[in-house]
Amino acid sequence: DWLTARAGVRSPDQLELTEAELKKEITRTLTAKNPHIPRDIVRYNFKERAYKIVDDMDHTAIHFTLNGYLVPKDSDEGRRQSIKSSSEAGRFTEDAPVEASAETTGEAEVKDGEPTGDAEGRGEVEAEGAETAEEAAAAEAEEPPPPKVPEKKLANQFNFIERGTATYHNALREKGYQTDPAPYQTFSANVNQWYIYDAYMEELERMEKAKEKEKAKPPAVKKEDKKTGRKLSYVEPQHGDSLSKVAKAAKIAERMVNLNTFDDIAQDFKYFEDASDEFRGQEGTLLPLWKFQYEKTKKLAVTAISWNPKYKDLFAVGYGSYDFMKQGNGMLLLYTLKNPSFPEYSFSSESGVMCLDFHSDHPYLLAVGFYDGNVAIYNLKKPASQPSYKSSAKSGKHTEPVWQVKWQKDDMDSNPNFFSVSSDGRIVSWTLVKNELVHMDVIKLSGDGTTIQGPEGLQLQTLGSGTSFDFHKKIDYLFLVGTEEGKIYKCSKNYSSQFLDVFDAHHMAVDSISWNPFHLKVFISCSSDWTVKIWDHTIKTPMFVYDLGTAVGDVAWSSYSSTVFAAVTIDGQAHVFDLNVNKLEPLCTQLVVTRKKNKTTHIQFNPSYPIIIVGDELGLITCLKLSPNLRKMPK
């Protein structure tokens, strides 16, 4: 029967499905929520005085319960049951020999009742019983009582800690030193009267020579030069042996006093962020911080600004005059943000300083261009009042003012070199070879093809007047030159007779030109024709043109974003643009100088901190902090 196939029993109300419906997979999702729980139970909330629906219902469904009968041994019930079970076991062991003796007696009685051998049977039984009792007594006497096993206390598994510690013994060390004996030398001499006389005579001769040198020096009186009418003064150099000992301590004390004096400005520089930018939309502001001014430069204009590439708080400022009729002395000052009251270094010059630039690899070398056409190199490591190297008429100086200088990479012999541009149309490369400045003309700017009538009918070709230039950040040989005629020339170091391209950029002189530090094709230019233009050097027309309503003095790209730049105009305002936010208008236009008839001349971004410095025609340097809307990083 068990080999026969079993027929399935179906319920009368079971559905009959086809083979395809049977093979179809039906997904059933099991959740932890109970679908039969009521969802509309409300309870009165005394705090809110209203009926609230109860959300946190218990979804637990009990499918199986089993009551256990286990009792802990340590409980009263467990002890009671253990005592009971032990007593029942003892009673069972006592009843067993009684029953055995009863059975033996019964057997003896049966044998007694038998008709034959009743006396012998009883005697045999009694004898066997006596032998068994003796053997049991002897066994009990031989076996020693079992030793008592001490109760082992079990450790609590839930609250038990076993610890073992060992102290560490430090190893002993021995040290020994052996010093060399101090060097000694044996000296002996005989002193006579003539030895003492000769020593005194040498000392008298030395003192007389020193007096003669002091008489030979000219007195510190003012003289008047007959040719120029200038008053020249000779200042006797002072030996600062006594001052040099306390110079470092005095500088530290001075900086501490300045930090205490300008503590609120230092706190703003470090921590203050303008929270009102959230309500201005895209616009931003400039927060004035320190102002740098020196007593001797109040009548000189700021003609150049440059940040030091290594020390982010140090910057150099050149002072001169843009007025052709008011030319005089110039000054070169180096300020630090740690001491706004007095410059760290100061150098005076006979001609006005027009431009300057720090060397990127040697931050102590500073190239300077002057109004009289000379260029010079100052070495900040040497405390000299005059430049370490300076050009002259013999070494090929410019015949017009030098408007810009730029350091370049060292040549093949590792000699530092820089370039200069001047109104005489020459772009000159200066190389420092064996403590001497050697010049080489790179290119001469030709005019727009016009010629002038010279003496005896000669046709003289006019030269272009360079006002600014900048080298490409990646391509070493490529550079741009701006001229007084408003044109921009794209030049190469490899071609000295022709230009790569010419841009008809502005209607007046190009005051500043600069490559974008991030985008390799883009550069910016500004001019006195009121405009700032952004160019792609592969396209002849500008991409962006901004009319600022007055002559633009300077323009500079930011160091943190490729789309942010700032410009200053001669009406004393600073304009900050961000092309990523607004391509049409500046995000900030703010008045930087307060006095009338004062013009802002130059602007520069700090390479690390969110600040800019602005110079004006009265020798004042203003430091301003950019608000968060003006220094948004691009995506």
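Going by an unreviewed UniProt entry, the chain carries the name Dynein axonemal intermediate chain 1 and comes from Oreocharis arfaki. If you open the UniProt record of the chain and go to Subunit (unreviewed entry), you find "Consists of at least two heavy chains and a number of intermediate and light chains. Interacts with BICD2. Interacts with CFAP45 and CFAP52. Interacts with CFAP53." As recorded by UniProt, the Function (unreviewed entry) comment attached to the chain reads in full: "Part of the dynein complex of respiratory cilia."

Thoughts on the UniProt feature "repeat: WD" (unreviewed entry) in the chain
In the UniProt entry, the feature "repeat: WD" (unreviewed entry) is given for residues 503-536. Annotation note: span residues 503-536, helix share 0%, strand share 59%, distance between end C-alpha atoms 11 Å.

What to know about helix 4 (residues 193-216)
Here helix 4 is 24 residues long and its end C-alpha atoms lie 36 Å apart, about the 34 Å a rise of 1.5 Å per residue gives. With zero of 24 residues buried, helix 4 is to be regarded as a mostly surface element.

Notes on the packing of aromatic side chains
Inspection of every chain in the model, using the stated rule, returns 23 aromatic pairs. Between Tyr 44 and Phe 46 the ring centres are 5.0 Å apart and the planes differ by 80 degrees, which places this aromatic pair in the edge-to-face class. On the basis of relative accessibility, which here comes to 37%, the residue Tyr 44 falls in the partly exposed class. A centroid spacing of 6.0 Å and a plane angle of 50 degrees characterise the contact between Tyr 546 and Phe 565, whose relative ring orientation is tilted. Residue Tyr 546 is located in strand 27 (residues 544-547), and its partner Phe 565 is located in strand 29 (residues 564-569); the two are separated by 19 residues in the primary sequence. Given a relative accessible area of 4%, Tyr 546 falls into the buried group. Three or more aromatic residues joined by ring pairs make a cluster, and in this case those are Phe 544, Tyr 546, Trp 557, Phe 565 and Phe 577. Its end group placed over the ring of Tyr 364, Lys 381 keeps NZ or CZ at 4.2 Å from the ring centre.

Let's talk about the sheet that holds strand 34 (residues 621-626)
Spatial strand order, 5-34-33-32: four strands in an open sheet with antiparallel pairing. Here the strands that pair on one side only, and so sit at the sheet edges, are strand 5 (286-292) and strand 32 (600-605). When strand polarity is set aside, the average angle formed by the axes of neighbouring strands in this sheet is 25 degrees. Here strand 5 pairs with strand 34 via five bridges, running antiparallel. From the neighbouring strand, Leu 286 faces strand 34, where its bridge partner is Leu 626. On the sheet, helix 6 (residues 263-271) packs against strand 5, strand 33 (611-616) and strand 34 and is oriented at approximately 135 degrees with respect to strand 5.

Structural notes on the environment of Pro 340
Among the secondary structure elements, Pro 340 is positioned in the loop between strand 8 (330-336) and strand 9 (345-349). Through-space distance from the C-alpha of Pro 340 to that of Arg 255 is 9.1 Å; in sequence the pair is 85 residues apart. Beyond its immediate chain neighbours, meaning those up to four positions away, Pro 340 contacts Asn 258, Phe 262, Trp 290, Lys 291 and Phe 292.

A word on the environment of Val 405
Mapped onto the secondary structure, Val 405 falls in strand 14 (residues 402-408). Classification of Val 405 as buried rests on a relative accessible area of 1%. Through-space distance from the C-alpha of Val 405 to that of Phe 358 is 9.7 Å; in sequence the pair is 47 residues apart. When residues no more than four places from it in sequence are discounted, the contact partners of Val 405 are Cys 355, Leu 356, Asp 357, Ala 367, Val 368, Gly 369, Val 375, Phe 418, Phe 419, Ser 420 and Phe 469.

Some remarks on the pattern of salt bridges
By the definition in use, this model includes 12 salt bridges. Across the pair Arg 79 and Asp 76 runs a salt bridge whose closest N-O atoms are separated by 3.2 Å. One end of the pair is Arg 79 and the other is Asp 76, both in helix 2 (residues 76-113) and three residues apart, which spans about a single turn. Residues Lys 540 and Asp 501 are paired through a salt bridge, measuring 3.0 Å at the closest nitrogen-oxygen approach. Here Lys 540 is found in the loop between strand 26 (531-536) and strand 27, whereas its partner Asp 501 is found in strand 23 (residues 501-504), with 39 residues between them in sequence. Salt bridges here are not isolated pairs; linked through shared partners, they connect Lys 251, Arg 255 and Glu 344.

Conventions we followed
Residues numbered from 1 in each chain as written. Predicted model: local features only at pLDDT ≥ 70, side-chain atom pairs only at ≥ 80, totals over all residues. Heavy atoms only, no water. UniProt positions renumbered as here; feature names shortened; annotations may be inferred. Helix = DSSP H or I, 4+ residues; strand = E, 2+ residues; numbered from the N terminus. Expected span 1.5 Å × (residues − 1). Buried < 20%, exposed > 50% of the residue type's maximum accessible area, 1.4 Å probe, protein only. Phe/Tyr/Trp six-rings, centres within 6.5 Å; stacked < 30°, edge-to-face > 60°. Lys NZ or Arg CZ within 6 Å of the ring centre and 35° of its normal. Pairing = 2+ DSSP bridges. Axes fitted to C-alpha atoms, helices over the stretch in contact; angles between N-to-C directions. Contact = heavy atoms within 4.5 Å. Salt bridge = Lys/Arg side-chain N within 4 Å of Asp/Glu carboxyl O.

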